[in-house]
Structure formats: C-alpha cells, structure tokens
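Architecture at a glance
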Amino acid sequence: MSRLIARAPAEGLTPLDADGTTLIELPMEPITAISPFAGQEKAVNAALKPLGLRFPKPGQSLARGKARILWTGQDQAFLIGVAPPEIPGAALADQSDGWARLRLTGALAEAALARLVPLDLRTGAFPLDATARSLLNHMPLSVTRTGTDSFDLMVFRSMATTAVHELDVAMRSVAARQDGG
Amino acid sequence: MRIPCPLCGPRDLREFSYRGHAVGLDRPAPDAGETAWDEFVYLRENPAGPTQDLWYHEAGCGAWLVVERNTVTHEITGARLASEAAS
C-alpha cells in the first residue's frame, strides 16, 4: 500500500514576518460545514448547546474553548476545532482537508488586508469575532477578526501557495512604506 | 458600484455575478404554451427607469438576489433574497 505523507496546505511557506507583523499557518483541525434544513434552526441550536455554541447570525462567529463556529454563507456555518455532534436537523459535510487556515497578526495586518480584501476591516466596521465571506484578491475568502490586530483567514486548500504569496507581497509593501515614512 | 446584500451588507461589485432580468423567477409552467415560453425566453422590456435584475453573491454568502436599479440614474434602490422574492 502507498505510504502517504501528510502535509499541511501551506507547509514550509510560513511563518512570514514584515516589521513585526506575522503570518502563520494554523494547525489542521476538524472543519465541518453545517447547513440547517428549512425550519430546523431550533433543533440545530439545541444540538450545538452542549458545546456552548449556537448557529451564528450572518457575519457572526462564536468561540468556546477549542470550538469555534463561524457563519460562512446563506444557511451555512463552519464548526472548527472539535468533532461535530449529532445534528439531526442539518446537513453536515467534512471540510477539514479543504481549507488552508492562516493567521495574520500585527500592527500592519489591517493595512495589508486593505490591499487585498474589498471590505472595511477596521475595528469600527469589523469588530472582534466579526466574520465575512469575501475575496482575497481573486480568491474566495473567509475572514474573521480574532484579536485587536489579528485575523484568521481561510482560503481553498488548492490556493494556499497563492494566498501566502499575495499576503507576503502586501505585508512587505506596507512595511516598506512604514520604513520610508 | 455597490450592492446592498441583505445578509452581508453593502458589498463591492466584484463579489457578484450578473444573471439577467428578474423575469427568471417567473418561469412559466411546462404546459403554458408557445406564446408564454417565447416571451419568457426571448422578449424583454427595455425600461427607462426602475428595473429588477438577478445577481449572484458568488464571493460572499452565495445567495441569489433580486436587485432593484434605475436604468436612467444608475441608482441601486434595493436588494432582497431571491428565495424570499420567489416564495
């Protein structure tokens, strides 16, 4: 039988550092897409209750211990970090291997993302635990604010190398302007 | 151009793709007859003023939207979920 070598999506590409703003790849964890059937939101909330979570509203993410649930689209959320419970009122799909998860942290994080993402990601418009589906340049993106200067980014696994490259260029460009100013 | 997505809020045009006039929501019954199908497939109004289009929020929430716009002023006056508009 073939011996397969497990590799993280952005293995060997991170960490990156630009003037103290860093990009790291987050460890691979279980990711489950949860899509409630029509009218089943209460049943889904009941099933998520033991985790201390509920189905998030659009633009919302919730974290409890190791588990995080984030809204990822119309009638869809991703449960990250824990194995999913039985949820009779929803369709579940394992997405664990499908996404690259990156964390951008530092004083230049907002400015770097402003070059790539067509959203206002400043704290006033995008506070702690806010999440959004948008674009990272041309790539479909899920972005969540996880700290005052920290964002968790998710792109399709096949686009990990491009995503890291785009972020690297943006981080270095913003850092270079800091130095010049 | 920005489209006010009912789920995501106002978003940049590049997150959306365009389908056509919202007549697509009023598909005739299979046995509605040649005239109804001919009109549905080929005939479109060309209004000077308010009109409704279908847009897909491809890089956002993945929802189909009915977007109201004015062809004279280019103003976007509203958007709602196609799933709700069709029901």
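Residues numbered from 1 in each chain as written. Chains lettered and ligands numbered in written order. Predicted model: local features only at pLDDT ≥ 70, side-chain atom pairs only at ≥ 80, totals over all residues. Heavy atoms only, no water.

Considerations on the layout of surface pockets
Quantified by volume, the largest pocket comes out at close to 290 Å³. Elements with a minimum of two residues in the lining of the largest pocket: β9 (131–136) of chain A together with β2 (9–12) of chain B. With four residues, the single largest contributor to the lining of the largest pocket is β2 of chain B. Split by residue class, the lining of the largest pocket holds twelve nonpolar, three polar and four charged. Residues from two domains meet in the lining of the largest pocket; each of domain 1 (16–28 + 98–180) and domain 2 (31–94) of chain A gives at least three. (1 Å grid on protein atoms, 1.4 Å probe; cavity = no way out; pocket = protein on both sides within 12 Å on 5 of 7 lines; lining within 4 Å. Points joined across faces, edges and corners; volume = space filled by probe spheres on them. Helix = DSSP H or I, 4+ residues; strand = E, 2+ residues; numbered from the N terminus. Nonpolar A, V, L, I, M, F, W, Y, C, P; charged D, E, K, R; others polar. Domains from an automatic or database assignment.)

A word on the sheet that holds strand β11 (residues 150–156) of chain A
Residues and elements named next belong to chain A. Ordered in space as β1-β2-β8-β11-β10-β9, the six strands form an open sheet in which the pairing is antiparallel. Of all strands in the sheet, those bounded by a partner on one side alone are β1 (16–18) and β9. This sheet shows a mean twist of 25° between the axes of neighbouring strands, independent of strand direction. Note that β1 and strand β2 (residues 21–25) share three bridges and pair antiparallel. Looking at β2, one finds that Ala18 is bridged to Thr21. (Pairing = 2+ DSSP bridges. Axes fitted to C-alpha atoms, helices over the stretch in contact; angles between N-to-C directions.)

Things to note about the nonpolar core
In this structure, Leu104, Leu113, Leu136, Val143, Leu153 and Leu167 of chain A are the most contacted members of the largest nonpolar core, which totals 33 residues. When contributions to this core are tallied by element, the ones reaching two or more residues are β1, β8 (99–105), α2 (109–114), β9, β10 (139–147), β11 and α3 (160–180) of chain A. (Core = buried A, V, L, I, M, F, W, Y, C linked by side-chain atoms within 4.5 Å. Buried < 20%, exposed > 50% of the residue type's maximum accessible area, 1.4 Å probe, protein only.)

Section: the pattern of salt bridges
Residues and elements named next belong to chain A. This model, assessed by the stated rule, comprises ten salt bridges over all chains. Between Glu110 and Arg145 there is a salt bridge, with the nearest N and O atoms lying 2.9 Å from each other. One end of the pair, Glu110, is in helix α2; the other, Arg145, is in strand β10, and 35 residues separate them in sequence. Overall, the relative accessible area of 27% leaves Glu110 in the partly exposed class. Between Asp168 and Arg172 there is a salt bridge, with its nearest N and O atoms 3.1 Å apart. With Asp168 and Arg172 both in helix α3, this residue pair falls four residues apart, about one helical turn. (Salt bridge = Lys/Arg side-chain N within 4 Å of Asp/Glu carboxyl O.)

As for the side chain of Arg101 of chain A
All names here are of chain A. Mapped onto the elements of the fold, Arg101 is located in strand β8. Within the structure, Arg101 has its side chain in polar contact with the backbone oxygen of Pro27 (distance 3.2 Å). Once residues lying within four places of it in the same chain are set aside, the contact partners of Arg101 are Ile24, Glu25, Leu26, Pro27, Glu29, Ile31, Ile80, Leu153 and Met154. (Polar contact = N/O pair within 3.5 Å; in protein donor to acceptor, adjacent residues only side chain to side chain. Contact = heavy atoms within 4.5 Å.)

Description of the packing of aromatic side chains
Residue and element names in this part refer to chain A. Counted according to the given criterion, the structure contains six aromatic pairs over all chains. Residues Phe126 and Phe151 carry aromatic rings whose centres are separated by 6.4 Å and whose planes lie at 25° to one another, so their mutual orientation is stacked. Here Phe126, found in the loop between α2 and β9, pairs with Phe151, found in strand β11; they are 25 residues apart in sequence, far enough to count as distant. For the residue pair Phe126 and Phe151, the accessibility class agrees, reading buried in each case. (Phe/Tyr/Trp six-rings, centres within 6.5 Å; stacked < 30°, edge-to-face > 60°.)

Considering unusual backbone geometry
Residue and element names in this part refer to chain A. Along the chain, Thr14 connects to Pro15 via a cis peptide bond; the corresponding omega equals 10°. If you trace the backbone, Pro15 turns up in the segment before β1. Residue Asp75 is not a glycine yet carries a positive backbone phi of 55°. Tracing the sequence through the fold places Asp75 in the loop between β5 (67–73) and β6 (76–80). A positive phi angle is found at Asn137, which is not glycine, with a value near 55°. Its location among the elements puts Asn137 in the loop between β9 and β10.

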